[in-house]
Amino acid sequence: MSAEFIIENQALIRCKQDELTETLTIPDGGEKIVTFAFSKCQCKEIVIPPSVKIIEYGAFQDCVKLERITIPSTVKTMKNSLFCGCRSLKEVTISEGITEIPSSMFENCENLETVHLPESLKVINASAFSRCRSLQEITIPENVNSIGSFAFLTCYSLKTVHFPKNVAVIGLETFGGCSSLKRVRMPEHIGFIGKGAFQAENLLCFPLPEGEMCVSVEYQWCEQRDEHLLLQFINASDLDYREKIFSILKAYSYKVAIALWMVEHYPEQQIYQAYVRRSIKRIMQNLIISGDIERIEKVLSFGYVTKKNIDSLLDFAISQQKHEAYLTLLNYKNEVVGYSQKTLRL
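Residues numbered from 1 in each chain as written. Predicted model: local features only at pLDDT ≥ 70, side-chain atom pairs only at ≥ 80, totals over all residues. Heavy atoms only, no water.

With that settled, the discussion passes to the overall build of the protein. Of regular secondary structure, the protein possesses 7 helices and 20 strands. For a compact globule of 346 residues, the expected C-alpha radius of gyration is about 20 Å, and the protein comes in at 26 Å, more than 25% above that figure. Here the C-alpha coordinates of the protein stretch approximately 80 × 45 × 25 Å along the principal axes. Evaluated residue by residue, the protein yields a buried proportion of 50% over its 346 residues. Of all intrachain contacts in the protein linking residues separated by at least 6 positions in sequence, the fraction that spans at least 24 positions is 31%. (Helix = DSSP H or I, 4+ residues; strand = E, 2+ residues; numbered from the N terminus. Rg over C-alpha atoms; globule rule 2.2 N^0.38 Å. Buried < 20%, exposed > 50% of the residue type's maximum accessible area, 1.4 Å probe, protein only. Contact = heavy atoms within 4.5 Å.)

This is the structure we're talking about:
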């Protein structure tokens, strides 16, 4: 139940471990852990001392029994793939003072559930948490301004991402394949979103000074013409410039999101009212399919659903087996449009 540490010139070269050792405490004094020093180690926990300043490439790669790790604040340099393939790793704590998570640091840590990130963090690099399939929630610290490509690729269980306002760049396929991620509250100062960063049917909610604007992603985020135009609209304040953007947008879901948001916050702008009025049936049908009751209620409050179209929408909700949407429409008809003779058929 012991381990032998090979240290040369203040660098930990290798660890020879007894298979029964569950916790390894690295002796204080060494400043560097070299490439693959603990690779394929069989312990459940490794304690890194405060003397360590540098951890090189793949130092703990494929430690398949490792369950928890804390990176001390004294570590100033970390190379790529440090814990890649540590498939039993469940909890990670990165101490205050560390500013960057290197590429593939926790890639393929398929049982990782809890991640504690420091407020000092500024950058999350490519594939940092790729294929962490048990991760359900992540809070990005306030000072992070860039999240690299594939950083959370195929994190199938990820349901919630808490962005700070200062994230400006989200890279290529950052949240690609995150099938449990439905509604995403976007950073306030986002300037670039890479191709495939979000999946089809993700609902991206952008905070604007007037109020939040939610956009359904078509197919996937393509980082092409219409995506650039949408970000320009979000970052613009001039109403004439916004109208120009709206007039040349082609993606239906982006036009709808902008039109609904403008009708809510700038009802005097006739171009948006006219678009919503013309498209109200299709808009409501899409919302019924999505089951987004909050947005259905919001659109109903605009008054464009009338006696002429309410019954067809009720029938559509029945055909789609959308019970809650049906009840919302029925209540609207009873209270606003007029008494309904339709009976509940779901």
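The discussion continues.
Right, let's talk about the sheet that holds strand β11 (residues 114–116) for a bit. The sheet built from 5 strands is open, its strands ordered β3-β5-β7-β9-β11 with parallel pairing. Edge positions in the open sheet fall to β3 (23–25) and β11, since each of these has one partner strand only. Across the sheet, the mean angle from the axis of one strand to that of its neighbour is 10 degrees, orientation sign disregarded. Judged from the 4 bridges that link them, strand β7 (residues 68–71) and strand β9 (residues 91–94) form a sheet pairing that is parallel. (Pairing = 2+ DSSP bridges. Axes fitted to C-alpha atoms, helices over the stretch in contact; angles between N-to-C directions.)

Now for the nonpolar core. In this structure, Phe38, Phe83, Phe106, Phe129, Phe152 and Phe198 are the most contacted members of the largest nonpolar core, which totals 117 residues. Tallying contributions element by element places helix α3 (residues 252–265) first for this core, with 10 residues. With near-sequence residues (within four places) excluded, phenylalanine 198 lies in contact with Ile170, Phe175, Val184, Met186, Ile193, Leu204, Val217, Gln220 and Trp221. (Core = buried A, V, L, I, M, F, W, Y, C linked by side-chain atoms within 4.5 Å.)

As a further point, take the packing of helix α1 (residues 225–235) against helix α2 (residues 239–248). Packed helices, taken two at a time, are described by the angle their axes make and the gap between the axes. Packing of α1 against α2 leaves a shortest axis separation of 10 Å and a crossing angle of 160 degrees. With respect to their mutual orientation, α1 and α2 come out roughly antiparallel. Between α1 and α2 lies a crossing of left-handed hand. Of α2, the residues touching α1 (which contributes Arg225, Leu229, Gln232 and Phe233) are Tyr241, Arg242, Ile245 and Ile248. (Parallel < 35°, antiparallel > 145°, perpendicular 65-115°, else oblique. Left-handed = near helix turned anticlockwise from the far one by under 90°.)

What follows concerns the packing of helix α4 (residues 270–290) against helix α6 (residues 310–319). One can describe the packing of α4 onto α6 by two numbers: an axis separation of 10 Å at closest approach and a directional angle of 25 degrees. By the angle class used here, α4 and α6 are roughly parallel. With respect to the hand of their crossing, α4 and α6 are arranged in right-handed fashion. Residues Lys281, Met284, Gln285, Ile288 and Ile289 of α4 form the contact with α6, whose participating residues are Ser312, Leu313, Phe316 and Ala317. Taken together, the residues of the contact of α4 with α6 break down into 6 nonpolar, 2 polar and 1 charged. (Nonpolar A, V, L, I, M, F, W, Y, C, P; charged D, E, K, R; others polar.)

Pairing between the strands of a sheet is mediated by backbone hydrogen bonds and can be parallel or antiparallel. As summarised here, the arrangement of the 5 strands in space is β10-β12-β14-β16-β18, forming an open sheet in which the pairing is parallel. At either end of the open sheet lies a strand with only one pairing partner, and these are β10 (100–101) and β18 (192–193). Here 2 bridges tie strand β14 (residues 146–147) to strand β16 (residues 169–170), and the two strands are oriented parallel to one another. Bridging from a neighbouring strand, serine 146 pairs with valine 169 of β16.

Another point: the pairing of strand β19 (residues 203–206). Here β19 shows two buried faces, one formed by Leu203 and Cys205 and the other by Leu204 and Phe206. Inspection of the sheet shows strand β17 (residues 183–185) paired to β19 by 3 bridges, in the parallel sense. Counterpart to arginine 183 in the pairing with β19 is leucine 203. Relative to strand β20 (residues 213–216), β19 is paired through 4 bridges, and the arrangement is antiparallel. What sits directly across from cysteine 205, in β20, is cysteine 214. Counting the residues between successive antiparallel strands, the hairpin from β19 to β20 contains 6 residues, one of them, glycine 211, with a positive phi of roughly 150 degrees.

Notably, serine 104 is not glycine yet its phi reads approximately 60 degrees, a positive angle. Residue serine 104 is classed as buried on the basis of its relative accessible area of 12%. Positioned with a positive phi, serine 127 is a non-glycine residue whose angle comes to about 60 degrees. Looking at the element boundaries, serine 127 is found in the loop between β12 (123–124) and β13 (137–139).

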